[in-house]
Amino acid sequence: MKHVSLDGTLDLLTGFTVSYADSRKDGSKIFLPSLGGHPFVPATSIKGKLRHLNTAMVMEKLKEKNILFTLNDLFFNSMGGIKESGDSNFDVLTERSTLLQHPIAGLYGVSEPLFLKGKIQIENALVNGHVTPDVVSGQRNDPIQKGEITREDVSDHDQFDSYIEKLSSNREKRKEKDKDTSALKPISTNMPHSREIIPPGTTCSHSISISYPTEIELGMFFATLRRFATSAPFFGAQLGMNLGIVDVEYEVSVDGETIGSISINGRKRTIEMDSAVKAYEDGFWENFSNIQFQRPVFKKEK
């Protein structure tokens, strides 16, 4: 098959937020990524989540057969590898061919030991229509400063006393209105914060494309969507606030012909697949024992 597409929607049942490197633009407030002023669910949040779930699913099944990943296997599958020291001279054509035969590397891509673009392209989930982000504020509170925990409640009294001393010192400095805040000892237990969220009930358009997948790779991806639906149907940050839960609807096409649909209910943690779609998933599990998931051993040029 040349091309598989999943086209549909993500319904953000509980709202969505995300933290990323440049999200704090004005101190404590965390901003959503946006395009032309319109917030979106980043493709990186979706792809990263699915890749990690895919790896966990494979590791769990292998463990049933008493097969465990090494750390290199784990990083290779879940993150695309980590940079290693030493000679990186490879027979690129040979090693690229080896990587393409690895189902997770071939599907999602790798960065080490050499760069390989994956077969899957996951788009940003774009909000349908205009949506103004909500702002949720809060503060992480210190139970000691609130008087909920005393010296007698902990075992390390010396450390507790030292902590109280630092708090007292900071209070005295502030009372004196000393402008030289460099004298303050850093205490960061009470941390006010606010963040933008895409409001609950927002619908996003979303598409996933896979170029020249093998039947094993396609079946593995559908199995990963099942894993997502039944164990962790959410994207983004602040899961403790129950953000990120989604309903998903996809129409699945192979080489331009619709073969069925996938429907995920995030609150019920259920998934429905039409039989033609599920057949690929079944084929993956039927062939699982014959698939090599460990990190390949790369032969360097001589």
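Position labels on residues start from 1 in each chain and follow its written sequence. Given that the model is predicted, a residue must reach a pLDDT of at least 70 before its local features are reported, and side-chain atom pairs must reach 80 or more before they are shown or counted; all residues, however, enter totals for whole chains, interfaces and linings. Only hydrogens and water are set aside; all other atoms, that is, all heavy atoms of the structure, feed into the side-chain values.

1. A closer look at helix H6 (residues 215–231)
Item 1. Helix and strand assignments come from DSSP, with helices taken as H or I runs of at least 4 residues and strands as E runs of at least 2, each series counted from the N terminus. Expected helix span is computed as 1.5 Å times (number of residues minus one). For H6, with 17 residues, the first-to-last C-alpha span of 24 Å sits near the 24 Å given by 1.5 Å per residue.
Item 2. Every buried residue of H6 is accounted for by Glu217, Leu218, Gly219, Met220, Phe221, Phe222, Ala223, Thr224, Leu225, Phe228 and Ala229. Relative accessibility thresholds used throughout: buried, under 20% of the residue-type maximum; exposed, over 50%; partly exposed, between the two (1.4 Å probe, protein chains only).

2. Thoughts on the pairing of strand S14 (residues 270–273)
Item 1. By the alternation rule, side chains of S14 split into Ile271 and Met273, which are all buried, and Thr270 and Glu272, of which none is buried.
Item 2. Only strands that DSSP links by at least two bridges are regarded as paired with each other. Note: strand S13 (residues 257–265) against S14, four bridges, orientation antiparallel. Residue pairing across strands places Ile264 opposite Ile271, the latter belonging to S14.
Item 3. The antiparallel hairpin formed by S13 and S14 contains four residues in its connecting segment, where Arg269 sits at a positive phi of about 55°.

3. Section: the packing of aromatic side chains
Item 1. Two rings belonging to Phe, Tyr or Trp (six-membered ring only in the last case) form a pair when the distance between their centres is within 6.5 Å. Interplanar angles under 30 degrees mark stacking, angles over 60 mark edge-to-face geometry, and anything in between is tilted. One pass over the full model with this rule turns up six aromatic pairs.
Item 2. Seen from their ring centres, Phe284 and Phe288 are 5.8 Å apart, and the 90° between their planes marks the pair as edge-to-face. For the residue pair Phe284 and Phe288, the accessibility class agrees, reading buried in each case.
Item 3. Here the aromatic residues Phe284, Trp285, Phe288 and Phe293 are joined through ring pairs into a cluster of three or more.
Item 4. Between Lys61 and the ring centre of Trp285, over which it is positioned, the NZ or CZ distance is 5.6 Å. Placement of a charge over a ring requires the Lys NZ or Arg CZ to be within 6 Å of the ring centre, with the centre-to-atom vector within 35 degrees of the ring normal.

4. Observations concerning the side chain of His102
Item 1. Note that His102 resides in the loop between helix H3 (92–100) and helix H4 (103–108).
Item 2. For His102, a relative accessible area of 3% translates into the label buried.
Item 3. In protein, a polar contact means a hydrogen-donor-capable atom and an acceptor-capable atom, both N or O and within 3.5 Å, with residues adjacent in sequence counting only if both atoms are side-chain atoms; elsewhere, any N or O pair within 3.5 Å suffices. A polar contact of 3.1 Å, which involves the side chain of His102, links it to the backbone nitrogen of Ala105.
Item 4. Contact partners of His102, with chain neighbours within four places excluded, come to Phe76, Asn77, Leu107, Glu217, Gln292, Phe293, Gln294 and Pro296. When checking whether two residues touch, look at their non-hydrogen atoms; a contact exists if any pair is within 4.5 Å.

5. Some thoughts on the pattern of salt bridges
Between side chains of opposite charge, a pair can form as their charged atoms come close.
Item 1. Whenever a carboxyl oxygen of Asp or Glu lies within 4 Å of a side-chain nitrogen of Lys or Arg, that contact is scored as a salt bridge. Per the stated rule, a full pass over the model turns up six salt bridges.
Item 2. Here Arg226 makes a salt bridge to Glu281, at a shortest N to O gap of 2.7 Å. Taken together, the residues span a long stretch of sequence, with Arg226 in helix H6 and Glu281 in helix H7 (residues 275–286) at a distance of 55 residues.
Item 3. Taking the relative accessible area as the measure of exposure, Arg226 reaches 24% and is therefore partly exposed.
Item 4. Overall, Glu281 belongs to the buried group, its relative accessible area being 3%.
Item 5. The salt bridge partner of Lys278 is Asp282, with a shortest N-O separation of 2.9 Å. A residue pair is termed a helical-turn pair when its members lie 3 or 4 positions apart in one helix, as Lys278 and Asp282 do in helix H7 at four residues.
Item 6. Judged by relative accessible area, Asp282 falls into the partly exposed class, the value being 30%.

6. Considering the nonpolar core
Item 1. Here, the term nonpolar core denotes a set of buried Ala, Val, Leu, Ile, Met, Phe, Trp, Tyr and Cys residues that are joined through side-chain atoms within 4.5 Å. If you look at the biggest cluster of nonpolar residues, it comprises 55 residues, and the most contacted ones within it are Leu6, Phe221, Phe222, Ile262 and Phe293.
Item 2. No other element matches H6, which puts eight residues into this core.
Item 3. When neighbours within four sequence positions are excluded, Leu6 is seen to be in contact with His206, Ser207, Ile208, Phe221, Phe222, Leu225, Tyr250, Glu251, Val252 and Ile262.
Item 4. Counting residues in hydrophobic clusters, the runner-up holds six residues, among them Phe76, Leu99, Ala105 and Leu114.

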